[in-house]
Each structure stands twice: as C-alpha cells, then as structure tokens.
Amino acid sequence: MKNTIIGLIASTTILFNSSCTGGSQNLSKGKVIDPLQNELIKLETDKSNNSKRFSVLGYPAFNADIKAGYNDDPVINIYSEPNGQGRLLNSFPIHIGKNANEIYVPKEFSNQDIVVYDNEGKSHKYDEKMQFSFSMDMQLNRPRNKNYLLNKNGLPQMDSLIMVYPTYFNNILIDEVK
C-alpha cells in the first residue's frame, strides 16, 4: 500500500512537471503577435483563443531578485529591447535549468549572466532576441477583468476599457530568431 501511494505521488509529480514549461519539445510555435499593438490584450477578450498557441519576439530579463522553490518557477519578463529596456511585452513562468526551454541563472547574477536554452537545447545570451511561444489558458468560468488598451508609450488609454478573461500563459517554447 505504501509503495502504491508513493508510486501515485511520483507519477502525479512527473505529469505535473511535464505539463509545465521546461522540456516541452513536442509543442508547436505559436502565431507571432505584437503586444505593442495591443494584439495580446485583444486576444484575451475572445474565449475561442483558449488553449491556442501564440508567440512574442523579444529579449528576456529579470527585473528583481528571483526565488525558486520546489515546483515554484520564477517569472521571466520579455522586453521589446535588450537589458530590460523598452516596453514589457509579456511575462512567463519559466523553469530554471540547462535543458531545452529553460533558463540558467547562477546563484548570484545580473541579467548578463542569464543563459537561455532554446527548444533544441542550444544556449543563447540574455541579449539575443528570441521567440517565446505559449498556450493561452483562459479561465472561462471566472468573471472577466477590466483592462485598458495601451498607448504608444505603454500607458493605459482610459477611454479604451475592455473586458478580458483571466488568462495564464504556459507550455513555453523558446526558439532562436533567425
């Protein structure tokens, strides 16, 4: 009985971990969207986009200390320009490691020390433009949130209120931009 329970716990953990970001080599690239043109926010208004794959092109950076515990992935931000500059395009939970679709971060680091591993396991520097594909997990059973379209400076346009579904981005696939 004890071995059966331990086996079930191990199987559940493996299934949970394989459904998250790292090692997701069987996922497809998503349709490239431009968050600077409010495309991402507009996608979150349409429930038919649930589970569909999209992607953004940008530069990874962490903007503060990160902490990672057991099954607790840190969030990587994707910016329109290198070094955490420009507009924030999106944020994703990301596995820390040295495998495909993971990001390696030393114990003490600056953004220059980040190593990005693409879908093929090839390493890239943090300041290389990458394609981050993701699945939209829309919470259709929850009330919609109020959101505003952004102007060219990235500030909310107060006259552009739209209602979006609470959405999470998962199953991250990282590809080199050629």
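This one's a predicted model, so the numbers in the text were calculated from it and none came from an experiment.

## Some words on the layout of surface pockets
Line of reasoning, step 1. Of the pockets and cavities examined, the largest pocket occupies roughly 260 Å³.
Line of reasoning, step 2. Residue lining of the largest pocket: 13 residues in total, with Leu-40, Ile-41, Glu-44, Leu-89 and Asn-90 positioned closest to the centre.
Line of reasoning, step 3. Those elements giving two or more residues to the lining of the largest pocket turn out to be α2 (39–43), β4 (85–93) and β9 (145–150).
Line of reasoning, step 4. The greatest single-element share of the lining of the largest pocket, amounting to five residues, is contributed by β4.
Line of reasoning, step 5. Grouping the constituent residues of the lining of the largest pocket by class yields seven nonpolar, four polar and two charged.

## What about a nonpolar patch on the surface?
Line of reasoning, step 1. Among the surface-exposed residues, Val-32, Leu-57 and Val-177 lie close enough to one another that they form a single nonpolar patch of about 190 Å² accessible area.
Line of reasoning, step 2. Note on placement: Val-32 falls in strand β1 (residues 31–32).

## What to know about the confidence of the model for the protein chain
Line of reasoning, step 1. Put simply, the protein chain has an average pLDDT of 82, and 80% of its residues get 70 or more.
Line of reasoning, step 2. Within the model, pLDDT remains below 50 along residues 1–24, and this stretch shows 25 contacts once partners closer than five positions in the same chain are excluded.

## Quick word on the packing of aromatic side chains
Two descriptors summarise a pair of aromatic rings, namely the distance from one centre to the other and the angle between the planes of the rings.
Line of reasoning, step 1. Taken as a whole and judged by the stated rule, the model has four aromatic pairs.
Line of reasoning, step 2. Measuring from centroid to centroid gives 4.9 Å for Phe-134 and Phe-169, while their planes differ by 75°, and the two rings are edge-to-face. One end of the pair, Phe-134, is in strand β8 (residues 130–138); the other, Phe-169, is in strand β11 (residues 167–176), and 35 residues separate them in sequence. Take Phe-134 and Phe-169: they sit in the same class, and that class is buried.
Line of reasoning, step 3. Connected via pairs of aromatic rings, a cluster forms that spans Phe-92, Phe-132, Phe-134 and Phe-169.

## Section: the nonpolar core
Line of reasoning, step 1. Within the largest apolar cluster, 25 residues are counted, with the highest numbers of intra-cluster contacts made by Phe-92, Ile-103, Phe-132 and Phe-134.
Line of reasoning, step 2. Going through the elements one at a time, α2, β2 (53–61), β3 (75–81), β4, β8 and β11 are the ones with two or more residues in this core.
Line of reasoning, step 3. Counting residues per element, this core draws most heavily on β8, at five residues.
Line of reasoning, step 4. If we skip the residues at most four places from it in the chain, Phe-132 touches Phe-54, Ser-55, Val-56, Gly-58, Pro-60, Ile-78, Phe-92, Ile-172, Leu-173 and Ile-174.

## Overview of the pairing of β8
Line of reasoning, step 1. Extensive coverage of β8 is indicated by the burial of eight of its nine residues.
Line of reasoning, step 2. As judged from the six bridges shared by β2 and β8, these two strands associate in the antiparallel manner. Residue pairing in the sheet places Phe-54 in a bridge with Phe-134 of β8.
Line of reasoning, step 3. Sheet topology note: the β8/β11 ladder contains eight bridges and is antiparallel. Looking across to β11, one finds that Asp-137 is bridged to Tyr-168.

About the thresholds
Residues numbered from 1 in each chain as written. Predicted model: local features only at pLDDT ≥ 70, side-chain atom pairs only at ≥ 80, totals over all residues. Heavy atoms only, no water. 1 Å grid on protein atoms, 1.4 Å probe; cavity = no way out; pocket = protein on both sides within 12 Å on 5 of 7 lines; lining within 4 Å. Points joined across faces, edges and corners; volume = space filled by probe spheres on them. Helix = DSSP H or I, 4+ residues; strand = E, 2+ residues; numbered from the N terminus. Nonpolar A, V, L, I, M, F, W, Y, C, P; charged D, E, K, R; others polar. Patch = residues over 30% accessible without salt bridge, like charges linked within 9 Å, V, L, I, M, F, W, Y side chains within 5 Å. Areas by Shrake-Rupley, 256 points an atom, 1.4 Å probe, with all protein chains shown as cover. Salt bridge = Lys/Arg side-chain N within 4 Å of Asp/Glu carboxyl O. pLDDT = per-residue confidence, 0-100. Contact = heavy atoms within 4.5 Å. Phe/Tyr/Trp six-rings, centres within 6.5 Å; stacked < 30°, edge-to-face > 60°. Buried < 20%, exposed > 50% of the residue type's maximum accessible area, 1.4 Å probe, protein only. Core = buried A, V, L, I, M, F, W, Y, C linked by side-chain atoms within 4.5 Å. Pairing = 2+ DSSP bridges.

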